[in-house]
Amino acid sequence: MDHNFLTGHQIAAARTLANMTQKDLADRANISVPTLKRMEGTKGEIVAMSNNARAVRGALENAGVVFLSDGETTSGGPGVRLRDRQS
């Protein structure tokens, strides 16, 4: 799986784990809330300008989220978790 692959569900789950509202994440990623809503509502891989996807991923990673590729999770498929606080 591509390292930059993101699904709408991953973004929504990551945002929830990071305890952010859509506005919080949109502000941190410097994108609009409607753009974020479209990204989160996408089934499967997000289709967005690559700079928007990188900005969202970066903002979430800065908040402590780790994105998991297919095969890195116990149930298979992409996922998210919070970084170990000791890291």
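Along each chain, the written sequence defines residue order, and numbers are assigned to residues from 1. Only residues with pLDDT of 70 or above have their local features reported here, since the model is predicted, and side-chain atom pairs are shown and tallied only from 80 upward, although totals for entire chains, interfaces and linings are computed over all residues. Think of the side-chain values as coming from all heavy atoms in the structure, minus any hydrogens and water.

Caption draft 1: Fine view of the overall build of the protein. When helices and strands are tallied, the protein shows four helices and two strands. The order of helices and strands in the protein, counted from the N terminus, is α-α-α-α-β-β. Partly exposed describes any residue whose relative accessible area lies between the buried limit of under 20% and the exposed limit of over 50%, with all areas from a 1.4 Å probe on protein chains only and scaled to the type maximum. Relative to its full complement of 87 residues, the protein shows a buried share of 38%. Contact criterion: two residues are considered in contact whenever any of their non-hydrogen atoms come within 4.5 Å of each other. Counting only contacts in the protein whose residues sit at least 6 apart along the sequence, the fraction spanning at least 24 positions is 53%. To be clear on the numbers: accessible area is Shrake-Rupley with a 1.4 Å probe, and residue cover counts the displayed protein chains and nothing else. Carbon together with sulfur atoms contributes 47% to the accessible area of the protein, which is approximately 5,300 Å² in total. A helix here means a DSSP run of H or I that spans at least four residues, while a strand means a run of E at least two residues long, and both kinds are numbered starting from the N terminus.

Caption draft 2: Here's a closer look at the confidence of the model for the protein. Every residue carries a pLDDT, the predictor's confidence in it, which falls somewhere between 0 and 100. Chain-level statistics for the protein give a pLDDT mean of 85 and a share of 83% at 70 or above. Mean pLDDT across the elements of the protein bottoms out in strand 2 (residues 79-82) (85) and peaks in helix 2 (residues 22-29) (98).

Caption draft 3: Representation of the pattern of salt bridges. Throughout this description, the term salt bridge denotes a Lys or Arg side-chain nitrogen within 4 Å of a carboxyl oxygen of Asp or Glu. Summed over all chains, the structure comprises three salt bridges. Notably, a salt bridge pairs Arg-15 with Glu-40, separated by 2.6 Å at the nearest N-O pair. With Arg-15 in helix 1 (residues 8-17) and Glu-40 in helix 3 (residues 33-41), the pair connects residues that are 25 residues apart, well separated along the chain. For Glu-40, a relative accessible area of 10% corresponds to the buried category. Measuring nitrogen to oxygen at the nearest pair gives 3.1 Å for the salt bridge that ties Arg-57 to Glu-61. Residue Arg-57 and its partner Glu-61 are both found in helix 4 (residues 50-62); the two are separated by four residues, about one turn of the helix.

Caption draft 4: Structural view of helix 4. Under the convention used throughout, the expected extent of a helix is 1.5 Å for every residue step, that is, one less than its residue count. The end-to-end C-alpha distance of helix 4 is 18 Å, a good match for the 18 Å that 13 residues give at a rise of 1.5 Å each. The set of residues buried in helix 4 consists of Asn-52, Ala-53, Val-56, Arg-57, Ala-59 and Leu-60. The buried residues of helix 4 occupy one face: seen down the axis, they fall within an arc of 160°. Projecting away from the buried face of helix 4 at angles above 90 degrees are the exposed residues Arg-54 and Asn-62. The inward-facing, buried residues of helix 4 contact helix 1, helix 2, helix 3 and strand 1 (65-68). Residue Gly-64 follows helix 4 closely and has a positive phi angle near 105°. What the arc measures is the spread of directions leading from the helix axis to the C-beta atoms.

Caption draft 5: A look at the environment of Arg-28. Inspection of the secondary structure puts Arg-28 in helix 2. Given the relative accessible area of 56%, Arg-28 is considered exposed. Taking the C-alpha atoms as reference points, Arg-28 and Asn-62, separated by 34 residues in sequence, lie 9.7 Å from one another.

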